[in-house]
Amino acid sequence: MSSDATTAPPTPTVVDPLELPEEAPHGLGTSLPSADARAKAEGTFPYASDLWAEGLLWAAILRSPHPHARIVSIDTSAAADLPGVRAVVTHADVPGEATYGRTVADRPVFASELVRHHGEAIAAVAADHPDTARLAAAAIAVEYEVLEPVTDPEKAFAAEALHPDGNLIRHIPLRFGDADATGEVVVEGLYRIGRQDPAPIGAEAGLAVPRPDGGVEIYTASTDPHTDRDLAAACFGLAPEQVKVVVTGVPGATGDREDPGFQIPLGLLALRTGCPVKLTATREESFLGHAHRHPTLLRYRHHADAEGRLVKVEAQILLDAGAYADASSESLAAAVSFACGPYVVPHAFIEGWAVRTNNPPSGHVRGEGAMQVCAAYEAQMDKLAAKLGVDPVDVRLRNVLATGDILPTGQTVTCPAPVAELLAAVRDFPLPSLPMDTPEEDWLLPGGPEGAGEPGAVRRGVGYALGMVHMLGAEGADEVSTATVKVQDGVATVICAAVDTGSGFATLARQIVQETLGLEEVHVASVDTDQPPAGAATHGRHTWVSGGAVERAAKMVRTQLLQPLAHKFGMSTELLQITDGKITSYDGVLSTTVTEAMDGKELWATAQCRPHPTEPLDESGQGDAFVGLAFCAIRAVVDVDIELGSVRVVEMAVAQDVGRVLNPAQLAARIEAGVTQGVGAALTENLRTARGLLRHPDFTGYALPTALDAPDIRIVKLVEERDVVAPFGAKAASAVPVVTSPAAVASAVRAATGRPINRLPIRPQAAVGAPNA
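Scope of this entry: the structure provided in the associated data block. What you see is a predicted model, and the numbers here were worked out from it, not measured in a lab.

What counts, and at which threshold
The residue numbers shown here count from 1 along each chain, following its written sequence. Only residues with pLDDT of at least 70 are given local features in this predicted model, and only at 80 or more are side-chain atom pairs given and counted; all residues enter the totals for whole chains, interfaces and linings. Side-chain metrics in this entry use all non-hydrogen atoms of the structure; hydrogen atoms and water are not considered. The secondary structure listing takes helices from DSSP runs of H or I that are at least 4 residues long and strands from runs of E that are at least 2 residues long, numbered from the N terminus. Polar contact is defined as a pair of N or O atoms within 3.5 Å, subject to the rule that within protein one atom must be able to donate a hydrogen and the other to accept it, and that residues adjacent in sequence are counted only when both atoms are side-chain atoms. Should DSSP find at least two bridges between two strands, the strands are regarded as paired. In this description, a line fitted to the C-alpha atoms serves as the axis of each element, helices being fitted only across the stretch in contact, and the angle between N-to-C directions of two axes falls anywhere from 0 to 180 degrees. Each angle is binned into one of four classes, with values under 35 degrees roughly parallel, values over 145 roughly antiparallel, values of 65 to 115 roughly perpendicular, and all other values oblique. Two helices that cross are described as forming a left-handed crossing if the nearer one is turned anticlockwise from the farther one by less than a right angle, and a right-handed crossing if clockwise. Pairs of residues are marked as contacts when any of their non-hydrogen atoms sit within 4.5 Å. Note that Gly is not counted as nonpolar here; it falls among the polar residues with everything else outside the nonpolar set of Ala, Val, Leu, Ile, Met, Phe, Trp, Tyr, Cys and Pro and the charged set of Asp, Glu, Lys and Arg. Multiplying 1.5 Å by the helix residue count minus one yields the expected span of that helix. Classification of residues uses two cut-offs on accessible area relative to the type maximum, computed with a 1.4 Å probe and protein chains only: under 20% is buried, over 50% is exposed, and between them is partly exposed. Classification of ring pairs rests on two measures: the distance between centres of Phe, Tyr or Trp rings, Trp counted by its six-membered ring, which must be within 6.5 Å, and the angle between planes, read as stacked under 30 degrees, edge-to-face over 60 and tilted in between. Here, a salt bridge means any side-chain nitrogen of Lys or Arg that lies within 4 Å of a carboxyl oxygen of Asp or Glu. Asp and Glu count as negative and Lys and Arg as positive, but His and the ends of the chain are not part of the count. Throughout this description, the term nonpolar core refers to a set of buried Ala, Val, Leu, Ile, Met, Phe, Trp, Tyr and Cys residues connected via side-chain atoms within 4.5 Å.

### Here we look at the side chain of S31
Piece 1. By the element assignment, S31 lies in the loop between strand 1 (13–15) and helix 1 (37–42).
Piece 2. A distance of 3.0 Å separates a polar side-chain atom of S31 from the backbone nitrogen of A665.

### Quick word on the pairing of strand 12 (residues 205–210)
Piece 1. Pairing of strand 12 with strand 15 (residues 277–280), which is carried by four bridges, proceeds in the antiparallel orientation. Looking at the pairing, A208 lines up with V277 of strand 15.
Piece 2. With five bridges joining them, strand 12 and strand 13 (residues 216–220) adopt antiparallel strand pairing. Each bridged residue has a counterpart across the sheet, and for P210 the counterpart in strand 13 is V216.
Piece 3. Where strand 12 folds back onto strand 13 in an antiparallel hairpin, the turn is made up of five residues, including G214, whose phi is positive at roughly 90°.

### Some words on the packing of helix 11 (residues 505–517) against helix 12 (residues 541–568)
Piece 1. In the contact formed by helix 11 and helix 12, the axes pass within 9 Å of each other and the chain directions differ by 30°. One element, helix 11, and the other, helix 12, form an angle in the roughly parallel class. Considering only the axes of helix 11 and helix 12, their crossing is right-handed. Two secondary-structure elements touch here, helix 11 through F505, L508, A509, I512, V513, T516 and L517 and helix 12 through H542, T543, S546, G547, V550, E551, A554, K555, V557 and R558.
Piece 2. Looking at side-chain class alone, the contact of helix 11 with helix 12 contains nine nonpolar, five polar and three charged residues.

### Regarding helix 4 (residues 225–236)
Piece 1. In a regular helix each residue adds 1.5 Å, so 12 residues correspond to 16 Å; helix 4 covers 16 Å between its end C-alpha atoms and thus fits that length.
Piece 2. Burial within helix 4 is extensive, with nine of its 12 residues counted as buried.
Piece 3. All of the buried residues in helix 4 are P225, H226, D228, R229, L231, A232, A233, C235 and F236.
Piece 4. Remark: G237 follows helix 4 within two positions and exhibits a positive phi of approximately 70°.

### What to know about the packing of aromatic side chains
Piece 1. Per the stated rule, a full pass over the model turns up seven aromatic pairs.
Piece 2. Geometrically, the ring pair formed by F157 and W353 is edge-to-face, given 5.9 Å between the ring centres and 85° between the ring planes. Pair noted here: F157 is in the loop between strand 9 (141–146) and strand 10 (168–176) and W353 is in strand 18 (residues 347–356), with a separation of 196 residues, a long-range link.
Piece 3. On the basis of relative accessibility, which here comes to 18%, the residue W353 falls in the buried class.
Piece 4. Ring centres 6.2 Å apart and planes at 85° place the aromatic pair Y343 and Y377 in the edge-to-face group. Taken together, the positions of Y343 in the loop between helix 7 (328–337) and strand 18 and Y377 in helix 8 (residues 370–388) put the pair 34 residues apart, joining distant regions of the chain.
Piece 5. Here Y377 falls in the buried class, since its relative accessible area comes to 1%.

### Some thoughts on the pattern of salt bridges
Piece 1. For the structure on display, the rule yields 33 salt bridges.
Piece 2. D213 is the partner of R211 in a salt bridge, and the nearest nitrogen-oxygen pair spans 3.2 Å.
Piece 3. For D213, a relative accessible area of 47% puts it in the partly exposed group.
Piece 4. Put simply, E378, D382, R396 and R750 are held in one network by salt bridges that share partners.

### Re unusual backbone geometry
Piece 1. With an omega of -5°, the peptide bond between L760 and P761 qualifies as cis.
Piece 2. Inspection of the secondary structure assignment puts P761 in the segment after strand 32 (759–760).
Piece 3. One non-glycine residue, D326, adopts positive backbone phi at about 45°.
Piece 4. For I757, which is not glycine, the phi torsion reads 50° and is therefore positive.
Piece 5. Locating I757 in the fold gives a position in the loop between helix 15 (735–753) and strand 32.
Piece 6. Here I757 falls in the buried class, since its relative accessible area comes to 5%.

### A short note on the sheet that holds strand 18
Piece 1. The strand order across the open sheet formed by six strands is 10-18-17-16-11-32, and the pairing between neighbours is mixed. Both outer strands of the open sheet, strand 10 and strand 32, are each paired with one neighbouring strand and no more.
Piece 2. With 10 bridges connecting them, strand 17 (residues 310–322) and strand 18 associate as parallel partners. Bridge pairing links L319 to A354 in strand 18.
Piece 3. Across the sheet, helix 8 is in contact with strand 11 (185–193), strand 16 (296–304), strand 17 and strand 32; its angle to strand 11 comes to roughly 145°.

### Considerations on the packing of helix 14 (residues 664–683) against helix 15
Piece 1. Where helix 14 contacts helix 15, the axes come no closer than 7 Å and their chain directions differ by 45°. Taken together, helix 14 and helix 15 sit at an angle that is classed as oblique. Our pair here, helix 14 against helix 15, has a crossing hand that is right-handed. Only P737, V738, S741, P742 and V745 of helix 15 make contact with helix 14, whose side of the interface consists of I671, G674, V675, Q677, G678, V679, A681, A682 and L683.
Piece 2. Class assignment for the residues of the contact of helix 14 with helix 15 results in 10 nonpolar, four polar and no charged.

### Considering the sheet that holds strand 22 (residues 522–524)
Piece 1. Taken in spatial order, the four strands line up as 22-21-20-26 in an open sheet, and their pairing is mixed. The sheet terminates laterally at strand 22 and strand 26 (603–609), the two strands that pair on one side only. Neighbour-to-neighbour, the strand axes of this sheet turn through a mean angle of 20°, independent of strand direction.
Piece 2. Along the sheet, helix 11 makes contact with strand 20 (481–488), strand 21 (491–496) and strand 22, crossing strand 22 at roughly 145°.
Piece 3. Most of the contacts of helix 12 go to strand 26, to which it runs at about 145°, and overall it touches strand 20, strand 21 and strand 26.

### A short note on the side chain of R116
Piece 1. Note on placement: R116 falls in the loop between strand 7 (114–115) and strand 8 (121–127).
Piece 2. Buried charge without a salt bridge: R116, with E120 as the nearest opposite-charge side chain at an N-O distance of 5.0 Å.
Piece 3. A distance of 3.4 Å separates the side chain of R116 from the side chain of Y324, its partner in a polar contact.
Piece 4. Excluding its chain neighbours within four sequence positions, the residues that come into contact with R116 are P67, P108, L162, H163, P164, A323, Y324, T357 and N358.

### Side note on the nonpolar core
Piece 1. Counting 104 residues, the largest nonpolar core has Y300 and V745 as the members making the most contacts within it.
Piece 2. Here this core gets 11 residues from one element, more than from any other, and that element is helix 8.
Piece 3. The contacts of V745, once residues within four sequence positions are left out, are A636, V638, V649, M652, V679, A682, L683 and I762.
Piece 4. Among the nonpolar cores identified, the runner-up in size contains 55 residues, and L562, I578, A605 and V627 belong to it.

This is the structure:
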């Protein structure tokens, strides 16, 4: 979408979320509740794990116990002979493409010669009972020649190739400005970011049903059904139209909701047996199978003048992709492009690599790439402030990005970028009261209500962070979505293959149609691949691209509805309005209902939305790679027990530029969820490995933040400065608080302890010790 060059930019406005205007019954700007909220709250919502079909068989997958091994032989005879077993499939039974991948088809459906990571699929079984399927999978005899795993990404460069495509997935050398530029003040740092898991609470599950035409239907909680269909069809040796993916029971997603590694074996078993086949992954299988956030090693050097203004940033960024490419190329592009953060940097020289190892696979997790570099560049800003002896907020304000500035990729920031305003808002928000101001029994020690620490060992810290993310796909991705709006008998239906993963798209689509057509009753059809593609549910795509398609289709229906009336009464359609199902003219001469005006007809329209194109980064890391950007400022307040190293996040104050508030309650929930996910990355979430083997792949060993761990989250300012190239002017809301909050927590722990804090999540031993005098 493009804007008229003569259009004046909108006047910035600020919405205080604590003083929102009284809501209208429906439409944009109101807190319309989700249509499925009641069912989910009451426990009656049908998730993918609840699926059932007549003649159902159960699947189980045999996974490798080794991170790196050569497969000498696979004997399935014992499994196939078990009573109740209907099929056993291995790599030899894949009729089509043996490998798959969303960007690079480098991942085998089943390992054939080599195992490249712990948990890689070797074979799959279908049986008439889930216990039988699991027993049969365990009965498959696999002889391995165990190989030495490559688990250190720094050693992957010189190691023997782990894959026919080599160990290096992508290298981006960003060059911007003068390499010889130097500053009067220099600070350096080495930072490590751990492996965060998307950790979907709902079980990953699916059902495959064979079709009479030789095809198959797959029912699952996919976030990108058309891509999943195409990948599966290629592996099945079928045309895409012979495979249908039906999206069912999505419980929410912060990354790829369903790994095709679950779906493809399901479809193969259904085609082999001629029966419906269901698979519900155990928690361990979920951790072993799907992709995680990239563990990252970052080396930084910041140059600044004596006033603290940045002169040059040098960085090396190494992403551990695990065994396969997945989204590593895109993650690296984001990491390198945003390596300097939302700051003006005249000279930047960044080296970025993504490499294969024998560690678990990495891929898309909310804020990928941007979150890792945010933790590092904000630590550098704290170091710079300390070295100069100035306030950390002041040194940031001297360098913040604004509209019209240029990114190190050479792209001009054309969207609203109120970074200074956001930072000032969280700085000026009142701090929470100190524990010493209240009775001891009324405040929590770090470690929880029953924490073992002593109040005398607790130190309070206040830290700040600024974060940024890109919206939509990048580097030339063809972002497009299609939507159809139908109206009959005063009821509207939206048909769009955009999956609502918790982003609220289904609610937004209803609000758009209500706003445009003045109809209260709007239904959003369930999603399947018989509908035109809408793309993946990532990077705020569906608010922008799919929402834009719904709006265009609704406006076309509005024109169809109003044109005959306008012609009859000799006026333009702009002089007519639709409110609460009634059509009226500006002068009151015309007044009728939508139902009467339609006279039994069905009106419908289909429209597409395609944002302006982007381009890949060139050999120097330069290019207009992003459609739009979103920014966030967070102030974290923490209490740290400097004897035990335990940390309690007391409060997170958030200011964010959102473009336009479309649903206040939904927006607040997205921001709060993003902050909480970031707190987990900062303090507890680390999927640990030992020589490539996952340790404790369960919710006992992998600690998600609970309600007791979640801090008070204060949304102190939402800046509504509309992005003129975005439908409704709205920006993506959930990724940028995930990106920013870990850096803010680390900054606050740094302030409380005087310790460097160069690793996430923060280990207790890193927070032990008295603050520097």
